[in-house]
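Chains, contacts and geometry: an overview
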Amino acid sequence: MIRENYREVDLKVKEACEKASRHREEVTLIAVSKTKPVSDIEEVLLEDVLDFGENKVQEITQKYEVLPKNIRWHMIGHLQKNKVKYIVDKVFLIHSVDSVELAKEIEKEAAKKNVHVNILLEVNVAREESKFGLYVDEVEATARTIALLPHVHIQGLMTIAPFVDNPEDNRGIFQKLKQLCVDIKHKNIDNINMCELSMGMTGDYQVAIEEGATMVRVGTGIFGERNYNR
Ligand SMILES: *Cc1c(COP(=O)(O)O)cnc(C)c1O
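The present account deals with the structure reproduced in this document.

Analysis parameters
- Residues numbered from 1 in each chain as written.
- Predicted model: local features only at pLDDT ≥ 70, side-chain atom pairs only at ≥ 80, totals over all residues.
- Heavy atoms only, no water.
- Helix = DSSP H or I, 4+ residues; strand = E, 2+ residues; numbered from the N terminus.
- Rg over C-alpha atoms; globule rule 2.2 N^0.38 Å.
- Buried < 20%, exposed > 50% of the residue type's maximum accessible area, 1.4 Å probe, protein only.
- Core = buried A, V, L, I, M, F, W, Y, C linked by side-chain atoms within 4.5 Å.
- Contact = heavy atoms within 4.5 Å.
- Near = heavy atom within 4 Å.
- Polar contact = N/O pair within 3.5 Å; in protein donor to acceptor, adjacent residues only side chain to side chain.
- Areas by Shrake-Rupley, 256 points an atom, 1.4 Å probe, with all protein chains shown as cover.
- Nonpolar A, V, L, I, M, F, W, Y, C, P; charged D, E, K, R; others polar.
- Pairing = 2+ DSSP bridges.
- Right-handed = clockwise from strand over helix to strand, strands pointing away.

Let us look at the overall build of the protein. Along the backbone of the protein there are nine helices and eight strands. Scaling as 2.2 N^0.38, a compact globule of 230 residues should have a C-alpha radius of gyration of about 17 Å, and the protein matches this with 17 Å. Dimensions of the protein, computed from the C-alpha atoms along their principal axes, are close to 45 × 40 × 35 Å. Across the 230 residues in the protein, those meeting the buried criterion constitute 51%.

For Asp48, which is not glycine, the phi torsion reads 60° and is therefore positive. Counting through the fold element by element, Asp48 comes out in the loop between helix H2 (38–45) and strand E2 (51–54). One non-glycine residue, Asn114, lies in positive phi territory at about 55°. By the secondary structure assignment, Asn114 is in the loop between helix H5 (100–113) and strand E5 (117–122). Classification of Asn114 by relative accessible area gives exposed; the value is 62%.

Of all hydrophobic cores here, the largest spans 68 residues; its most connected members are Phe52, Ile106, Ile119, Leu121, Ile146, Leu157 and Ile222. Among all residues touching Leu157, those that are not within four sequence positions of it are Leu120, Leu121, Val123, Val139, Leu177, Leu180, Cys181, Met194, Glu196, Leu197 and Ser198.

This brings us to the site of the ligand. Taken together, the residues surrounding the ligand are Val32, Lys34, Ile76, Ile160, Met201, Thr202, Arg217, Val218, Gly219, Thr220 and Arg226. Contact between the ligand and Lys34: an oxygen atom at 2.6 Å from a side-chain N or O atom of the residue. Between Thr202 and the ligand, the recorded distance is 2.4 Å, taken from a side-chain N or O atom to an oxygen atom. In isolation the ligand offers 380 Å² of accessible surface; the protein chains occlude 89% of this area. Residue composition of the shell around the ligand, grouped by class: five nonpolar, three polar and three charged.

Moving on to the pairing of strand E1 (residues 28–32). On any regular strand, side chains alternate: one points to one face of the sheet, the next to the other face. Counting buried positions along E1 yields four of five residues, so the element is predominantly enclosed. Pairing of E1 with strand E8 (residues 215–218) involves four bridges; the strand directions are parallel. Paired with Leu29 across the two strands is Val216, which belongs to E8. Here E1 runs beside E2; their pairing, made up of two bridges, is parallel. Counted as the bridge partner of Val32 is Gly53 from E2. Running through H2, the crossover from E1 to the neighbouring parallel element E2 is right-handed.

If you want it as structure tokens, here you go:
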């Protein structure tokens, strides 16, 4: 079931790429496995998938222990400073950096372990009260400060779009994040790469791809509904 779901989502990613005249290789489909057991991840591994998304530090460290070491773990959830030390050397990319203070903590722990950490800046494009992330007008200044940290490397931007029934309602959000990315890229700031755009989830990833997403984060569409009460 999970494997079939994965293939179906992968096909829809392909279709969205074709519609937007983009190459399939430009878009990474991240399987968001939060709350799901290791056995579910093992099913997806059979499809040669290596990119998995998690939003809790403890879940990443537990799954990291028992699963193949070539998995690329994407930290997509809010990250507390005191937990940075547990994952800096285990994650492929941290999507959810939303403050200079958090970036400085990542720098400190990365330097200790002598690793380099790739990050995205999380942007609250829709200015939703309930969400984390920088406001659009704060992003450039924050990026310039973080760019000075030698072990932290900004690779792009991430957003969690509002929950909507019609994915078209989020098209403008995705366009805004893309535009912000292009604007910052044109400034050619040292130690900032503006290549990655992490946007789009189960409900709207095709629209996100049409608007330039390079990473889509799909959970429910692959693993089914999550049960938080277990
Ligand atoms: C849970 C989560 C997703 C996946 O959501 P689905 O709607 O299940 O695809 C994507 N991004 C973030 C940041 C998440 O926390």
